[in-house]
Amino acid sequence: QVQLVESGGGLVQPGGSLRLSCAASGSISSMVVMGWYRQAPGKQRELVAAISSTGNTNYADPVKGRFTISRDNAKNTVYLQMNSLKPEDTGVYYCNLKLFSARVDNFWGQGTQVTVSS
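Within every chain, residues take consecutive numbers counted from 1 along the sequence as written. Only residues with pLDDT of 70 or above have their local features reported here, since the model is predicted, and side-chain atom pairs are shown and tallied only from 80 upward, although totals for entire chains, interfaces and linings are computed over all residues. Working from all heavy atoms in the structure, the side-chain values ignore hydrogens and water.

(A) Quick peek at the pairing of strand E8 (residues 77-82). Taking burial as the measure, the six residues of E8 include five buried ones, the bulk of the element. Whether two strands pair comes down to DSSP finding at least two bridges between them. Counting from the N terminus, the helices are the DSSP runs of H or I reaching at least four residues and the strands are the DSSP runs of E reaching at least two. Pairing between strand E3 (residues 18-25) and E8: six bridges, direction antiparallel. When the sheet's bridge partners are listed, Arg19 is paired in E8 with Gln81. Where strand E7 (residues 67-72) meets E8, six bridges bridge the pair, whose relative direction is antiparallel. Paired with Thr68 across the two strands is Gln81, which belongs to E8. Counted between consecutive antiparallel strands, the loop separating E7 from E8 contains four residues, among which Asn76 sits at a positive phi close to 50°. Throughout this description, buried means an accessible area under 20% of the type-specific maximum (1.4 Å probe, protein chains only), exposed means over 50%, and partly exposed covers the range between.

(B) The packing of aromatic side chains, seen in detail. Each pair of aromatic rings taken from Phe, Tyr and Trp, with Trp reduced to its six-membered ring, is defined by centres within 6.5 Å and is described as stacked if the planes are under 30 degrees apart, edge-to-face if over 60, and tilted in the remaining cases. Applying the stated criterion to the full structure yields one aromatic pair. With 5.0 Å between their ring centres and 65° between their planes, Tyr37 and Trp108 make a pair best called edge-to-face. With Tyr37 in strand E4 (residues 32-39) and Trp108 in strand E10 (residues 104-108), the pair connects residues that are 71 residues apart, well separated along the chain. According to the relative accessible area criterion, Tyr37 is buried, its value standing at 16%. Judged by relative accessible area, Trp108 falls into the partly exposed class, the value being 36%. Only lysine NZ and arginine CZ atoms are considered, and such an atom sits over a ring when it is within 6 Å of the ring centre and within 35 degrees of the ring normal. The lysine or arginine in question, Arg45, covers the ring of Tyr94, its NZ or CZ lying 3.8 Å from the ring centre. Directly above the aromatic system of Trp108 lies the positively charged group of Arg45, at a separation of 4.7 Å from the ring centroid.

(C) Layout of the nonpolar core. Throughout, nonpolar core names a set of buried Ala, Val, Leu, Ile, Met, Phe, Trp, Tyr and Cys residues whose side chains join them through atoms within 4.5 Å. One finds Leu4, Trp36, Leu80, Met82, Tyr93 and Leu97 to be the most contacted residues of the largest nonpolar core, which totals 27 residues. Contributing elements (two or more residues each) for this core: E3, E4, strand E5 (46-52), E7, E8, strand E9 (91-100) and strand E11 (112-116). Contacts between residues were defined by any pair of non-hydrogen atoms, one from each residue, lying within 4.5 Å. Apart from residues no more than four positions distant in its own chain, Leu80 is found in contact with Leu18, Arg19, Leu20, Trp36, Val48, Ala49, Phe67, Thr68, Ile69 and Tyr93.

(D) Region of the structure containing the state of the cysteines. Disulfide: a pair of cysteine sulfur atoms within 2.5 Å of each other. This model, assessed by the stated rule, comprises one disulfide. Covalently, Cys22 is tied to Cys95 through a disulfide, its sulfur atoms 2.0 Å apart. Sign of the S-S torsion, about -85° for the bond between Cys22 and Cys95, identifies this disulfide as left-handed. Residue Cys22 is found in strand E3, and its partner Cys95 is found in strand E9; the two are separated by 73 residues along the sequence. A single burial state applies to Cys22 and to Cys95, both of which are buried.

(E) Fine view of the side chain of Arg38. You can see Arg38 is positioned in strand E4. Throughout this description, a polar contact denotes any pair of N or O atoms lying within 3.5 Å of each other; where both atoms belong to protein, one of them has to be capable of donating a hydrogen while the other can accept it, and for residues adjacent in sequence the pair is counted only when both atoms sit in side chains. A polar contact of 2.9 Å, which involves the side chain of Arg38, links it to the side chain of Asp89. A polar contact is formed between the side chain of Arg38 and the side chain of Tyr93, at a distance of 3.0 Å.

(F) Molecular detail of the sheet that holds E3. In spatial order, the strands read E1-E3-E8-E7; together these four strands make up an open sheet with antiparallel pairing. One side of each edge strand has no neighbouring strand; the edge strands of this open sheet are strand E1 (3-7) and E7. Strand-to-strand twist across the sheet, computed as the mean angle between neighbouring axes with direction ignored, equals 15°. Between N-to-C directions, angles span 0 to 180 degrees; the directions come from axes that are lines fitted to C-alpha atoms, helices contributing only their stretch in contact.

Right, here's the structure in full:
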């Protein structure tokens with residue numbers, strides 16, 4: 001029943017910035033982890049950043065120091081601020097939510113395209 005809707009993707013020049021948003025709706029426990037994954041053409045989907053309901057974060061090495069993940073629990077929304085963008089950041093960015101109960105359930109957004117090009 002959980003649904004995720006991403007927004008904020010687009011075309012940006014190298015060195016530019018974008019801010020992605022993901023709004024979650026439905027029956028959501030407080031014990032959740034939300035994050036962003038990306039997939040470039042011909043490549044496997046990979047984790048970009050994740051954040052727990054208590055604010056703990058982790059980042060993939062290529063984006064450390066450039067990207068910042070944040071959340072607003074009251075709005076069930078997660079953000080990804082992307083600065084100093086590089087062409088290799090290009091791909092489809094997917095919002096992910098992990099719901100912890102007796103097991104872990106995964107939910108995915110439709111994805112939003114990010115293109116970094118001059």
